[in-house]
There are 2 protein chains.
Amino acid sequence: MTDVEVIGVGMHPFGRYPDASLKDLARVAVTRALNDAGLEIKDIQAVYSANAMGGLLQGQEQIRGQAALRDVGIEGVPIVNIENACASGSSAFRQAILAIRAGAADTVLAVGFEKMFVGDRDRSLAALESAADLDVVAGLGLQFTAVYAMRLRNRLDEGSLTVGDLAAVTVKSHRNGALNPNAQHRKPVTAEEVLEARPIAEPLTLLMCSSIADGAAAVIVTRAGTHGRTSRPRVRVRGSAARSGFTSDGSAEPSTSTVCAQRAYEEAGAGPADIDLAEVHDAMAPGELLYYEQLGFCEPGGAADLLRSGATQLEGRIPVNSSGGLSSRGHPVAATGLAQVAEIVWQLRGEAGERQVRAPRLALAQNSGGWLEGESAAANVHILERVEPWS
Amino acid sequence: MTDVEVIGVGMHPFGRYPDASLKDLARVAVTRALNDAGLEIKDIQAVYSANAMGGLLQGQEQIRGQAALRDVGIEGVPIVNIENACASGSSAFRQAILAIRAGAADTVLAVGFEKMFVGDRDRSLAALESAADLDVVAGLGLQFTAVYAMRLRNRLDEGSLTVGDLAAVTVKSHRNGALNPNAQHRKPVTAEEVLEARPIAEPLTLLMCSSIADGAAAVIVTRAGTHGRTSRPRVRVRGSAARSGFTSDGSAEPSTSTVCAQRAYEEAGAGPADIDLAEVHDAMAPGELLYYEQLGFCEPGGAADLLRSGATQLEGRIPVNSSGGLSSRGHPVAATGLAQVAEIVWQLRGEAGERQVRAPRLALAQNSGGWLEGESAAANVHILERVEPWS
């Protein structure tokens, strides 16, 4: 199979940017990714553009990527617009990889952008609702938070997690986010503050939840050997897997992300024990605990022990969400999956600054989105590898 | 390169279906494509779903394909939602081909569906406007018709086309559409009727224009050899090319479709003279004449001669839009590109009934969409081949 490498990543910081248009957000992320790669826009041969809510929030549908990239100086290359709820960014990343493996291009840009602050919170929340089948959920309110809350409530009831664990993982997320210049929420919080914050859906509180955000992220992938070597460590795609959550019996086991991770491990020829670093889709910070198990970082029921052991902290054996995750970095929907990739690339290269973890070689990003019968409508798991050994 | 074949096609007829939901439209097209292929839904390993206006018209964004395909019985396979204005359908088709060439799946479904009749014509027309960059066109009214009208006006002024040609190609479109059970407009028209119809944008009249429609189309592609042989003629993908219309100097020459066609010919190892049949993107029937030149079926300026020679009629050397084209078959935006593929597959197999053309071997489909600085925001050209000789 064709070797695909990530050669450049870039972000527009996540947060609230009332003066920035979708074009501004996309341009900053793309320009930074090009600079990071040492490439010019003319080197890009195809674009996969991800946006989830631009139709409902900005009225721009149909050619969102072409409109957003007008100012970037792109010329003539195919642009395909990708949408897959909160997994839009990683879906664009995967299509970029497949385009190279298919021989359709040698250097491909994946970009995700979202502008959720539109001066009307109710409208932003209503647009989020379209991440589920409207025939089912319309008018019921946000499914996401409720589904997370129910799952965590069950775990608290059966005793495999405590409220203290939910607070602790949130504290960890915010501690990491505080070290990330691209994060929306950069203030460390205490367990007390987490538990005393406004209740959202019991047992979730405000500080556990990702919030409305503006932002963009871009990743450039290339067929290995296309561009000249630089002094930067190379990062190779070892595994890419995608799945949607339809099941014949309505059962949520094994979860979409579980199956997806198994396939990505298989393609990578590696297992969870080989992973040195992971970004997971913690739309609510305690969701990270559920993913420990789904991704195989511990046995089912073992999330609390893994967390309490400190293994998933920056200094631990398998740091998780070194970026702060969705809950602290912020979650501008279609940008998130590509921001995860940016984070693990920076970490694999040793460029993550204050939040750098120790010499990671293999890293995983798990991004999921949308809801169907209690499962993710889309999930993607990617495994990236640092090619050169750490000196 | 991996050989990719089209193994099944299906449509929900185009037209006005007030009682059909997006789910209904998609289900009918997918079920027919599966039956056509002799496959079951469990044989599908990945889905590319195209819809252009569901966010603005139905409020369903983010997971449009997953929502639309709920009732089809699909399970666990990755679904990616694709959007590229009027080229959405062919963009999904191309991604399906690339997924197979990349080795990500052996059998892939591309489906496009659109429901434009929403009981409020103004809302449908406003949604269509999002096929251009809203920062540029918002409030200006529909760009499409005006751009086509200006181009044709120029050709009339310079004398390379006559009003009679515009009427004649429209008459041809409607004659073909009348023979197509999946077409929206099934009534032959006379040149007099065309020219006396309500003016839309001079020189275009109502009967020349594609109209709001509901509909769906589905195409199943497979790695050659994946499924057992049937008695049906096999249809192979010989060329696939994509492009967007950004140009450095704002020039519209060569057009996006011209460049795209050149690449598709190159991949196919064939030229325009080898094409036996074509479906082109005649959002306005006379647009077909411009595409004769862009696709190389005649020299620049030679469209009128080609039309008048009868070569592009059903009985001619290179029949164009045997289906009736967008102007007669109808144009439910994201379904169109896949309906074009369905038409050329039926023709290549000899299954096109009353509108069957004589023993075609190589056929081309050209689909374009959106507007940027006077050019298509996205264009795709595909070339398909009948594998077995005609007996």
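Keep in mind it's a predicted model, so treat the numbers as computed, not measured.

**Description of the overall build of chain A**
Phase 1 of the analysis: Of the regular secondary structure elements, chain A holds 14 helices and 11 strands.
Phase 2 of the analysis: Taking 2.2 N^0.38 as the reference for a compact globule, 391 residues should give roughly 21 Å; the C-alpha atoms of chain A span a radius of gyration of 19 Å, in line with that estimate.
Phase 3 of the analysis: When the backbone C-alpha atoms are referred to their principal axes, chain A occupies close to 55 × 50 × 45 Å.
Phase 4 of the analysis: Burial statistics for chain A: of 391 residues in total, 66% are counted as buried.
Phase 5 of the analysis: For chain A, restricting intrachain contacts to residue pairs at least 6 apart in sequence, the fraction spanning at least 24 positions comes to 76%.
Phase 6 of the analysis: Carbon together with sulfur atoms contributes 49% to the accessible area of chain A, which is approximately 12800 Å² in total.
Phase 7 of the analysis: Side chains of chain A carry 36 positive and 46 negative charges; the gap between the two charge centres is 5 Å.

**Looking at the pattern of salt bridges**
Phase 1 of the analysis: This model, assessed by the stated rule, comprises 62 salt bridges over all chains.
Phase 2 of the analysis: Between Glu375(A) and Arg151(A) there is a salt bridge, with the nearest N and O atoms lying 3.9 Å from each other. Remark: Arg151(A) occurs in helix α7 (residues 143-158) and Glu375(A) occurs in strand β11 (residues 375-386); sequence separation between them is 224 residues.
Phase 3 of the analysis: For Glu375(A), a relative accessible area of 4% translates into the label buried.
Phase 4 of the analysis: Taking relative accessible area as the criterion, Arg151(A) reaches 26% and is therefore assigned partly exposed.
Phase 5 of the analysis: Glu279(B) serves as the salt-bridge partner of Arg329(B), at 3.1 Å between the closest nitrogen and oxygen.

**Here we look at the relation of the copies chain B and chain A**
Phase 1 of the analysis: Note on the identical chains: chain B maps onto chain A by a rotation of 180 degrees and an axial translation of 0.0 Å, with an RMSD of 0.0 Å. What we have between these two chains is a two-fold relation. Proximity to the rotation axis, assessed at the C-alpha, singles out Ala102(B) in chain B; its C-alpha lies 2.0 Å from the axis.
Phase 2 of the analysis: A share of 100% of interface residues in chain B that are also interface residues in chain A marks the association as one of identical surfaces.

**Remarks on the nonpolar core**
Phase 1 of the analysis: In terms of nonpolar packing, the biggest core is built from 218 residues, with Phe297(A) and Phe297(B) touching the most fellow members.
Phase 2 of the analysis: Apart from residues lying up to four places away in sequence, Phe297(A) is in contact with Tyr265(A), Pro272(A), Ile275(A), Ala278(A), Tyr292(A), Leu306(A), Arg317(A), Ile318(A), Val320(A) and Leu364(A).

**Side note on the pairing of strand β8 (residues 235-243) of chain A**
Residues and elements named next belong to chain A.
Phase 1 of the analysis: Most of β8 sits inside the fold, with 7 of its 9 residues counted as buried.
Phase 2 of the analysis: As judged from the 2 bridges shared by strand β1 (residues 4-15) and β8, these two strands associate in the antiparallel manner. Its bridge partner lying in β8, Val6 is registered against Val235.
Phase 3 of the analysis: Summarising the sheet, β8 and β11 pair through 8 bridges and their orientation is antiparallel. Paired with Ser240 across the bridge in β11 is His382.

**Points about the interface of chain B and chain A**
Phase 1 of the analysis: With 60 residues of chain B in contact, the opposing surface of chain A contributes 60 residues.
Phase 2 of the analysis: Of the roughly 4700 Å² buried between chain B and chain A on both sides combined, carbon and sulfur atoms contribute 48%.
Phase 3 of the analysis: The tally of links from chain B across to chain A stands at 10 salt bridges.
Phase 4 of the analysis: For Glu61(B), the salt bridge is made with Arg64(A), and the minimal N-O distance between the two is 3.0 Å.
Phase 5 of the analysis: At the junction of chain B with chain A, the criterion picks out 47 residue pairs in polar contact (both at pLDDT 80 or more).

**A closer look at the packing of aromatic side chains**
Residues and elements named next belong to chain A.
Phase 1 of the analysis: Evaluation of the coordinates by the stated rule reveals 2 aromatic pairs over all chains.
Phase 2 of the analysis: Seen from their ring centres, Tyr148 and Trp371 are 6.3 Å apart, and the 90 degrees between their planes marks the pair as edge-to-face. Of this pair, Tyr148 sits in helix α7 while Trp371 sits in strand β10 (residues 362-372), and the two are 223 residues apart along the sequence.
Phase 3 of the analysis: Its relative accessible area of 8% is what places Trp371 among the buried residues.
Phase 4 of the analysis: When the ring centre of Trp390 is taken as origin, the NZ or CZ atom of Arg386, which lies over that ring, is 3.8 Å away.

**Some details on the packing of helix α4 (residues 88-101) of chain A against helix α14 (residues 336-349) of chain A**
Residues and elements named next belong to chain A.
Phase 1 of the analysis: Across the interface, α4 lies against α14 with an axial gap of 5 Å and an inter-helix angle of 65 degrees. Judged by the inter-axis angle, α4 sits roughly perpendicular to α14. Of the residues in α14, those in contact with Gly89, Ser90 and Phe93 of α4 are Gly337, Leu338 and Val341.
Phase 2 of the analysis: Counted by class, the contact of α4 with α14 contains 3 nonpolar, 3 polar and no charged residues.

**Quick look at the environment of Thr256(B)**
Residues and elements named next belong to chain B.
Phase 1 of the analysis: You can see Thr256 is positioned in helix α10 (residues 256-268).
Phase 2 of the analysis: Along the sequence, Thr256 and Ala110 sit 146 residues apart, while their C-alpha atoms lie 23 Å from each other.
Phase 3 of the analysis: Not counting residues within four places of it along the chain, the set of residues in contact with Thr256 comprises Arg243, Ser244, Gly245, Glu375, Ser376 and Ala379.
Phase 4 of the analysis: Only 2.5 Å separates the side chain of Thr256 from the side chain of Glu375, close enough to count as a polar contact.

Calculation notes
By convention here, each chain's residues receive numbers from 1 onward along its written sequence. Naming scheme: in the order in which they are written, chains are lettered from A and ligands are numbered from 1. Local features are withheld for residues below a pLDDT of 70 in this predicted model, meaning they are given only at 70 or higher, and side-chain atom pairs are given and counted only at 80 or more; totals for whole chains, interfaces and linings count all residues. Hydrogens and water molecules were not included; the side-chain quantities draw on all heavy atoms of the structure. The helix and strand labels rest on DSSP assignments: H or I over at least four residues marks a helix, E over at least two residues marks a strand, and numbering proceeds from the N terminus. Each radius of gyration reported is based on C-alpha atoms, and the globular scaling rule is 2.2 Å times the count of residues to the power 0.38. Relative accessibility thresholds used throughout: buried, under 20% of the residue-type maximum; exposed, over 50%; partly exposed, between the two (1.4 Å probe, protein chains only). Contact criterion: two residues are considered in contact whenever any of their non-hydrogen atoms come within 4.5 Å of each other. The Shrake-Rupley method, run with a 1.4 Å probe sphere, supplies the accessible areas, and residue values consider only the shown protein chains as cover. Lys and Arg are tallied as positive, Asp and Glu as negative. Neither His nor the chain termini are counted. A charged residue contributes its charge at one atom only: NZ of Lys, CZ of Arg, CG of Asp or CD of Glu. We define a salt bridge as a side-chain nitrogen of Lys or Arg found within 4 Å of a carboxyl oxygen belonging to Asp or Glu. Here the copies are matched by least squares. The fit uses the C-alpha atoms of residues with pLDDT of at least 70 in both. Think of a nonpolar core as a cluster: buried Ala, Val, Leu, Ile, Met, Phe, Trp, Tyr and Cys residues, connected wherever their side-chain atoms sit within 4.5 Å. At least two DSSP bridges between two strands are required for those strands to pair. Here the buried area means the combined drop in accessible surface, using a 1.4 Å probe, for two parts upon being joined, counting both sides. Whenever two N or O atoms come within 3.5 Å, that pair is a polar contact, provided that in protein one can donate a hydrogen and the other can accept it, and provided that, for residues adjacent in sequence, both atoms are side-chain atoms. Stacked, tilted and edge-to-face pairs are distinguished by plane angle, under 30 degrees for stacked and over 60 for edge-to-face with tilted covering the rest, among Phe, Tyr and Trp rings (Trp via its six-membered ring) whose centres lie within 6.5 Å. Two conditions define a charge located above a ring, namely a distance within 6 Å from the ring centre to NZ of Lys or CZ of Arg, and an angle within 35 degrees of the ring normal. In this description, a line fitted to the C-alpha atoms serves as the axis of each element, helices being fitted only across the stretch in contact, and the angle between N-to-C directions of two axes falls anywhere from 0 to 180 degrees. What sets the label is the angle itself: under 35 degrees gives roughly parallel, over 145 gives roughly antiparallel, 65 to 115 gives roughly perpendicular, and the rest give oblique. For this classification, Asp, Glu, Lys and Arg are treated as charged, while Ala, Val, Leu, Ile, Met, Phe, Trp, Tyr, Cys and Pro are nonpolar and the rest, including Gly, are polar.

So far we have only geometry, and geometry alone does not tell us how the molecule works.
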